[in-house]
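Read off the chains here:
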Amino acid sequence: MATIGGKPLPWRLTCLALTFTGVCWVLVKIWITDTQPSTLEPVPITLAEAPSLPEWDLRQSAPIALTAVKGSRASHAYEFQRDDQRLEIDVHYLAPWTDGNVSRLLFVNTPLRTANARLQPREHPDTGFYGVLTYEGYAYLTACINPKGNSTITEQQKTHNRYATGLRPGRVFQWLIGQGKLWDGRCLWTLMRVPLEPDTLGSPENTAPSAASEQAYQILESAWVPWHRWWQANYPPPVPE
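Presented here is a report on the structure given in the accompanying data block. Bear in mind the structure is a predicted one, so any value in this text is a computation, not a measurement.

What counts and how
- Residues numbered from 1 in each chain as written.
- Predicted model: local features only at pLDDT ≥ 70, side-chain atom pairs only at ≥ 80, totals over all residues.
- Heavy atoms only, no water.
- Disulfide = S-S within 2.5 Å.
- Helix = DSSP H or I, 4+ residues; strand = E, 2+ residues; numbered from the N terminus.
- Buried < 20%, exposed > 50% of the residue type's maximum accessible area, 1.4 Å probe, protein only.
- Salt bridge = Lys/Arg side-chain N within 4 Å of Asp/Glu carboxyl O.
- Contact = heavy atoms within 4.5 Å.
- Phe/Tyr/Trp six-rings, centres within 6.5 Å; stacked < 30°, edge-to-face > 60°.
- Lys NZ or Arg CZ within 6 Å of the ring centre and 35° of its normal.
- Pairing = 2+ DSSP bridges.
- Axes fitted to C-alpha atoms, helices over the stretch in contact; angles between N-to-C directions.
- Expected span 1.5 Å × (residues − 1).

Comments concerning the state of the cysteines
Link 1 in the chain: The full count for this structure, using the stated rule, is 1 disulfide.
Link 2 in the chain: Between the sulfur atoms of Cys-144 and its disulfide partner Cys-187 the distance amounts to 2.2 Å. Of the two residues, Cys-144 sits in strand β8 (residues 138–145) while Cys-187 sits in strand β9 (residues 187–195), which places them 43 residues apart along the sequence. The exposure classification of Cys-144 matches that of Cys-187, with both residues buried.

Structural notes on the pattern of salt bridges
Link 1 in the chain: Tallied over the entire structure, the rule returns 7 salt bridges.
Link 2 in the chain: In this structure, Arg-82 and Glu-55 form a salt bridge, with 3.5 Å as the shortest nitrogen-oxygen distance. Of this pair, Arg-82 sits in strand β4 (residues 72–82) while Glu-55 sits in the loop between α1 (11–35) and β3 (57–63); the two residues are 27 residues apart in sequence, bridging distant segments of the chain.
Link 3 in the chain: Overall, the relative accessible area of 23% leaves Arg-82 in the partly exposed class.

Observations concerning the side chain of Asn-101
Link 1 in the chain: Mapped onto the secondary structure, Asn-101 falls in the loop between β5 (85–94) and α2 (102–109).
Link 2 in the chain: Look past the residues within four positions of Asn-101 in its chain and what remains in contact with it is Ile-153 and Glu-155.

Describing the side chain of His-124
Link 1 in the chain: Mapped onto the elements of the fold, His-124 is located in strand β6 (residues 120–124).
Link 2 in the chain: His-124 gets classed as buried once you look at its relative accessible area, which sits at 13%.
Link 3 in the chain: If we skip the residues at most four places from it in the chain, His-124 touches Tyr-130, Glu-221 and Val-225.

Comments concerning the packing of aromatic side chains
Link 1 in the chain: Taken as a whole and assessed by the stated rule, the structure comprises 8 aromatic pairs.
Link 2 in the chain: Between Tyr-78 and Trp-227 the ring centres are 5.5 Å apart and the planes differ by 75°, which places this aromatic pair in the edge-to-face class. One end of the pair, Tyr-78, is in strand β4; the other, Trp-227, is in helix α5 (residues 211–233), and 149 residues separate them in sequence.
Link 3 in the chain: Among the aromatic residues, those joined into a cluster by ring pairs are Tyr-78, Phe-80, Trp-227, Trp-230 and Trp-231.
Link 4 in the chain: The ring of Phe-107 carries the charged tip of Arg-113 above its face, separated from the ring centre by 5.6 Å.

Points about the sheet that holds β9
Link 1 in the chain: Strand order in the open sheet made by the 7 strands is β3-β4-β5-β9-β8-β7-β6, with antiparallel pairing throughout. Edge positions in the open sheet fall to β3 and β6, since each of these has one partner strand only. Along the sheet, successive strands turn relative to each other by an average axial angle of 20°, direction set aside.
Link 2 in the chain: Pairing of β8 with β9, which is carried by 8 bridges, proceeds in the antiparallel orientation. Bridge assignment links Ile-145 to a residue of β9, and that residue is Leu-188.
Link 3 in the chain: Sheet contacts for α2: β5, β7 (128–135), β8 and β9; angle to β9, the most-contacted strand, approximately 65°.
Link 4 in the chain: Contacts from α5 reach β4, β5, β6, β7, β8 and β9 within the one sheet, and its direction differs from that of β8 by about 25°.

As for the pairing of β9
Link 1 in the chain: Counting buried positions over the 9 residues of β9 gives 8, a clear majority of the element.
Link 2 in the chain: Sheet analysis places β5 next to β9, joined by 7 bridges and oriented antiparallel. Bridged to Leu-94 within β9 is Cys-187.

Some words on α5
Link 1 in the chain: Under the 1.5 Å per step criterion, the end-to-end length of α5 is 34 Å for 23 residues, consistent within 8% with the ideal 33 Å.
Link 2 in the chain: Within α5, burial applies to Ser-213, Ala-216, Tyr-217, Ile-219, Leu-220, Ala-223, Trp-224, Val-225, Pro-226, Trp-227, His-228 and Trp-231.
Link 3 in the chain: Where α5 is buried, its residues touch β4, β5, β6, β7, β8 and β9.

Structural notes on the environment of Asp-83
Link 1 in the chain: Counting through the fold element by element, Asp-83 comes out in the loop between β4 and β5.
Link 2 in the chain: Taking the C-alpha atoms as reference, Asp-83 lies 9.7 Å from Glu-55; in sequence the two are 28 residues apart.

The structure is reproduced here in structure tokens:
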């Protein structure tokens with residue numbers, strides 16, 4: 001038993017001393033690891049050329065220039081066909097971190113711009129949050145696919161998801177021993193679109209969803225659920241900061 005001046009040291013004080021020593025050791029180890037220059041070359045990231053999407057046939061698949069979206073480490077465009085219905089999907093791998101503000105991403109990186117103000121938030125029990133809107137003959141669905149947890153469309157939703165999936169005993173332990181990161185801020189920003197019938201488009205200023213747009217949203221949602229499931233199971237690897 002540890003002693004001070006020949007007297008036994010209370011067991012609580014012994015535990016505190018051991019805990020303090022352990023924490024100091026972990027912090028020093030993390031500091032040394034983080035301050036050492038990385039000798040690893042950046043790993044090229046490529047997205048899948050043909051992700052699985054039930055009931056749809058892949059027609060085209062091609063990379064998108066990285067300059068298309070700021071902060072993207074990989075971007076890809078897909079075109080699917082089902083009977084006479086065409087489905088186009090753009091995916092941008094935002095890493096190592098993004099705030100997940102989909103409305104801002106639409107405004108900055110797409111022709112939608114001010115149309116993003118009409119983004120309607122929705123929630124699906126199997127995936128999480130997503131947004132829909134119509135613009136110039138197309139119905140759109142968009143969301144951020146996170147590495148773990150639900151999909152999100154706002155910064156607040158992504159922050160909540162990050163805390164919910166990050167503050168777990170296993171992940172905290174890996175972070176304490178310097179073997180992993182506590183927070184994972186990556187995002188697979190997905191933008192899906194299907195064309196609307198020309199005679200059902202209505203006025204672009206009309207924000208109320210028509211029967212045609214609701215039908216298009218249902219088509220998008222039916223594709224979105226397996227799309228989200230596939231990408232979470234096949235998420236791209238982390239990238240060095």
